[in-house]
Amino acid sequence: MKQLLQKLAVAAMLMFAPTALQAAVKPGSFTTGDKTFLLNGEPFVVKAAEVHYPRIPRPYWEHRIKMCKALGMNAVCIYIFWNIHEQQENVFDFTGQNDVAEFCRLAQKNGMYVIVRPGPYVCAEWEMGGLPWWLLKKKDIKLRERDPYFMERVKIFEQKVGEQLAPLTIQKGGPIIMVQVENEYGSYGEDKPYVSEIRDCLRNIYGKELALFQCDWSSNFEKNGLDDLTWTMNFGTGANIDQQFRRLGELRPNAPKMCSEFWSGWFDKWGARHETRPAKDMVDGMDEMLSKGISFSLYMTHGGTSFGHWAGANSPGFAPDVTSYDYDAPINEYGHATPKFWELRQMMAKYNDGKKMPAVPKAPMPIITVPKFELTEFAPFYRNQHLIPNVNPMTFEEMDLGWGMTYYVTSLPEVPVQSVLTMEAHDYAQVFIDDKYIGKIDRVKNEKSLTLPAIRKGQKLAILVEAMGRINFGRAIKDFKGIVGDVVINAEVDDNEVTWNLKKWTMTPIEDDYSRAVKAFDANKVERPLSDGFAKRENGRGYYRGYFTLKKVGDTFLNFETWGKGQVYVNGHAMGRIWSIGPQQTLYVPGCWLKKGKNEVIVLDIVGPKEPVVWGQAEPELNKLQLEKSNKHNNIGDKPDLNSATPAATGAFKAGNGWQTISFDATQKGRYLAIECLSTQKEGDRAAIAELYLQGQDGKRISREPWKTKYANSEEENGNHLGDKVFDLQESTYWLTEKGAAQPHLLVIDLGSEQSVKALEYLPRAEQGAPGSIKNFKIYIY
Ligand code: GLA
Ligand code: CA
């Protein structure tokens, strides 16, 4: 009894006494001075490492923070991901993997400051840019605007984050030195009143002493720049740094300079090569910044993994991101030092005030391999479920489904001839008639229709629609899932165009959830799927389950290259999406989620595997494409004959970085833009263009949403320098011709429909000297 009382007394002391940490830290200050930040009144250069707590298993948080510190960083920079903290409206979670305050305390414990970027929108190649999908249940909501419901939810959420983080500001003795207002609003729109409201909301929560800042691009930060906030620039490896800060220097000559996102690498999307950026260019850029006293945050220093369904999708177009967020960062996806790490560390040592660099910590777990094993249990995924009837097909949001799939069924009319089925499916639809697979409509490929065979009245039409991540960038972030709008069949019957708008649907929502998978096995489990033919009868689509045994746990990379498309769960943890097209073929499985003895793997395969086998390898495979055809746009049949066409403009661009506008003498009408590059500024250079816009008659930029690359005579596929890069809304990515390809070069863009065009805006590469920039050109609109 006495012992118990003593124990209770100690526990009470621990609970109520300030911890050693709190006792040791004193309130401080972080402000802006003359051309520098001031930490407790002293000049300070921020060397921040961007890392994302949801992308790192919690048991590894401290290891990753220590790795950043070993690079000579003095801060970590984090986004707050609204949609992991409020997965259901009004249900908040800041515990376990979501305990962001603990992440900040761990940073402080390791002598690191923290920069917080609480959104509400964060981009970050994360589902819906961090916004919760349930906002879309209000169909007409305006996201990132002063929509009353949006603002109400933003304020409630920021308040909740504040409860966690406001006690941790530097003014209160915590590690947080700065908080960001919104995120790159300039690439979304122009709306100072909205940005001001976010600023006021954060100021109320964190106090007026805490430094607030805005990040944007050098080309657009003025649009939304608020007078009383610090302005920082985002740009990537290789960029011409003086050019990036030129405009800021003109407007605010005495302001400190900071690159708030210096991109170490880039993110990967399904169906395109793994992106890398040279270590030397990254290190040189950081060296240059440090030599000039410029602060930075290295985005990403450690990218980690977009586990489960949290990877987003890019736009214009629909380009879903892969599960790995390795980012070619110095600390790789699984927390190990890369060659880039060592090069960076060496350079950073020059700026460590003559002190020894902090030690590189040992990885928390060894790397292990797992011998090949078969997933022998099978269960179909849309049997005996509750059905939702409705006249029209419903979106996921209308059915209160956040993530997963829906099985849409209706009865077909009599169509005696071949017909075309048209619909907008988000994102990957497979069409069946009387359970026979007819084909797919893949949003990644911009597909909207499919040819159907002749149909007898009453045949069953089933459409299985799987959602990938919601778009996280650009105006398209309002990205409803499932079938959006009508499903229509068109056919020519007896010389007449006949249209059927299909009604009377029943829908089976299938949420992406481990317990749903387990229930499917409980209800319909079949052993040995391939040998008994059962899985084949289901076209191989369904859940598969198998096990592997471990004597010792460790990190591993499970290989799924023989599988189709879907989701993986290991021991109940949602590991992420898989897709045979690649480039990612393995999933990072952290040892902290494995155990000695039996481990369970469930694969939900919506397409069906070639072979239901998995193995664990010691290295990730992030760059193996398995495509039906190459991504290049060099089909000679798509090349226009411009011999007799009259150019809209002929001339020469100026040399150097930055945007240039070419106005046409007369308004041009046409569906296609062709830009012919007759010469480059530097002779022998490979031609490159970072971005292109067209202006309409009103002088405003025409939407690039429907744009597609029609033809390019030459495109460098390694490193993804295809024609699409001129309209991907990213100034750091570019179209590049191949080594030795002969001039003139030709890039043709399909604008989607006929447009009236007055001018073309052109951006060369952001690197010093604008390599590959074009000199003589001809522009055609036809
Ligand atoms: C922008 C965004 C980030 C991220 C990067 C690209 O800078 O602010 O969230 O999306 O682009 O990785
Ligand atoms: Ca680009």
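Scroll up to find the structure this text is about.
Here the structure is a predicted model, which means the values were calculated and not measured.

1. Structural notes on the overall build of the protein chain
Thought 1: Broken down by element type, the protein chain carries 12 helices and 43 strands.
Thought 2: By the compact-globule yardstick of 28 Å for 782 residues, the protein chain fits well, its C-alpha radius of gyration being 27 Å.
Thought 3: Counting only C-alpha atoms and orienting by the principal axes, one finds that the protein chain spans roughly 85 × 80 × 50 Å.
Thought 4: Taking all 782 residues of the protein chain together, 60% fall into the buried category.
Thought 5: Looking at the protein chain alone, contacts between residues at least 24 apart form 80% of all its contacts between residues at least 6 apart.

2. Regarding the site of ligand 1
Thought 1: Close to ligand 1 lie 15 residues; Tyr79, Glu125, Glu184, Glu261 and Tyr327 are nearest.
Thought 2: Valine 122 is positioned such that a nitrogen or oxygen atom in its backbone is 3.0 Å from an oxygen atom of ligand 1.
Thought 3: Take glutamate 125: an N or O atom from its side chain is 2.7 Å from an oxygen atom of ligand 1.
Thought 4: For ligand 1, whose free accessible area comes to 310 Å², the fraction covered by protein is 100%.

3. As for the nonpolar core
Thought 1: Met73, Leu143, Phe150, Leu165, Met286, Leu344 and Tyr543 are the most contacted members of the largest nonpolar core, which has 162 residues in total.
Thought 2: For phenylalanine 150, the contacting residues outside a window of four places in its chain are Trp82, Pro120, Leu131, Leu135, Ile141, Lys142, Leu143, Arg144, Glu145 and Tyr194.
Thought 3: In terms of nonpolar packing, the next biggest core, distinct from the first, is built from 31 residues, Tyr408, Ala425, Ala467 and Ile483 among them.

4. Some details on helix H3 (residues 61–70)
Thought 1: Most of H3 sits out of view: eight of its 10 residues are buried.
Thought 2: Taken residue by residue, H3 has Trp61, Glu62, His63, Arg64, Ile65, Met67, Cys68 and Ala70 as its buried positions.
Thought 3: Contacts from the buried residues of H3 go to strand E4 (47–51), helix H5 (100–109), strand E11 (295–302), helix H10 (339–349) and strand E33 (586–589).
Thought 4: Directly beyond the C-terminal end of H3, a positive phi value near 90 degrees is found at glycine 72.

5. Focus: the packing of H3 against H5
Thought 1: In the contact formed by H3 and H5, the axes pass within 10 Å of each other and the chain directions differ by 45 degrees. In terms of orientation, H3 and H5 fall into the oblique class. The hand of the H3/H5 crossing is right-handed. Across the interface between the two elements, Trp61, Glu62 and Ile65 from H3 touch Glu102, Phe103, Leu106, Ala107 and Lys109 from H5.
Thought 2: Residue composition of the contact of H3 with H5, by class: five nonpolar, no polar and three charged.

6. Points about the packing of aromatic side chains
Thought 1: Per the stated rule, a full pass over the model turns up 47 aromatic pairs.
Thought 2: Relative to phenylalanine 103, the ring of tryptophan 61 lies with its centre 5.2 Å away and its plane at 85 degrees, an arrangement referred to as edge-to-face. Highlighted residues: tryptophan 61 in helix H3 and phenylalanine 103 in helix H5, separated in sequence by 42 residues. Considered together, tryptophan 61 and phenylalanine 103 belong to a single accessibility category, that of buried residues.
Thought 3: Ring geometry for tyrosine 334 versus phenylalanine 557: centroids 4.7 Å apart, planes at 70 degrees, classification edge-to-face. Of this pair, tyrosine 334 sits in the loop between strand E13 (319–320) and H10 while phenylalanine 557 sits in strand E30 (residues 556–559), and the two are 223 residues apart along the sequence.

7. Observations concerning a negative patch on the surface
Thought 1: On the surface, Glu492, Asp494, Asp495 and Glu497 cluster together into a patch of negative charge.
Thought 2: Here glutamate 492 is to be found in strand E25 (residues 488–493).
Thought 3: Relative accessible area serves as the criterion here: at 52%, glutamate 492 is assigned to the exposed category.

8. Details of the side chain of threonine 36
Thought 1: Structurally, threonine 36 can be placed in the loop between strand E1 (30–32) and strand E2 (37–39).
Thought 2: Polar side-chain contacts of threonine 36 include one of 3.5 Å to the backbone nitrogen of phenylalanine 44.
Thought 3: Those residues within four positions of threonine 36 in sequence are excluded, and the remaining contacts are Pro43, Phe44 and Pro256.

9. So, the sheet that holds strand E20 (residues 428–433)
Thought 1: Pairing is antiparallel across the open sheet formed by six strands, whose spatial order is E16-E27-E17-E23-E20-E21. Every other strand in the sheet has two partners, leaving strand E16 (388–390) and strand E21 (436–442) as the edge strands with one partner each. On average, each strand axis in the sheet is inclined to that of its neighbour by 20 degrees, with strand direction left out of account.
Thought 2: The pairing of E16 with strand E27 (residues 505–511) spans three bridges and is classified as antiparallel.

10. Re the pattern of salt bridges
Thought 1: One pass over the full model with this rule turns up 49 salt bridges.
Thought 2: We note a salt bridge from glutamate 50 to arginine 117, for which the minimum N-O separation is 3.1 Å. Residue glutamate 50 is found in strand E4, and its partner arginine 117 is found in strand E6 (residues 113–117); the two are separated by 67 residues along the sequence. Per residue, the accessibility class of glutamate 50 equals that of arginine 117, and both read buried.
Thought 3: The partner of glutamate 466 in a salt bridge is lysine 565, and the shortest N-O contact between them spans 2.4 Å. Placement of the pair is glutamate 466 in strand E23 (residues 460–466) and lysine 565 in strand E31 (residues 565–570), with a sequence separation of 99 residues. Accessibility assignment for this pair places glutamate 466 and lysine 565 in one class, buried.

Thresholds applied
- Residues numbered from 1 in each chain as written.
- Chains lettered and ligands numbered in written order.
- Predicted model: local features only at pLDDT ≥ 70, side-chain atom pairs only at ≥ 80, totals over all residues.
- Heavy atoms only, no water.
- Helix = DSSP H or I, 4+ residues; strand = E, 2+ residues; numbered from the N terminus.
- Rg over C-alpha atoms; globule rule 2.2 N^0.38 Å.
- Buried < 20%, exposed > 50% of the residue type's maximum accessible area, 1.4 Å probe, protein only.
- Contact = heavy atoms within 4.5 Å.
- Near = heavy atom within 4 Å.
- Polar contact = N/O pair within 3.5 Å; in protein donor to acceptor, adjacent residues only side chain to side chain.
- Areas by Shrake-Rupley, 256 points an atom, 1.4 Å probe, with all protein chains shown as cover.
- Core = buried A, V, L, I, M, F, W, Y, C linked by side-chain atoms within 4.5 Å.
- Axes fitted to C-alpha atoms, helices over the stretch in contact; angles between N-to-C directions.
- Parallel < 35°, antiparallel > 145°, perpendicular 65-115°, else oblique.
- Left-handed = near helix turned anticlockwise from the far one by under 90°.
- Nonpolar A, V, L, I, M, F, W, Y, C, P; charged D, E, K, R; others polar.
- Phe/Tyr/Trp six-rings, centres within 6.5 Å; stacked < 30°, edge-to-face > 60°.
- Patch = residues over 30% accessible without salt bridge, like charges linked within 9 Å, V, L, I, M, F, W, Y side chains within 5 Å.
- Salt bridge = Lys/Arg side-chain N within 4 Å of Asp/Glu carboxyl O.
- Lys, Arg positive; Asp, Glu negative; His and termini not counted.
- Charge placed at Lys NZ, Arg CZ, Asp CG, Glu CD.
- Pairing = 2+ DSSP bridges.

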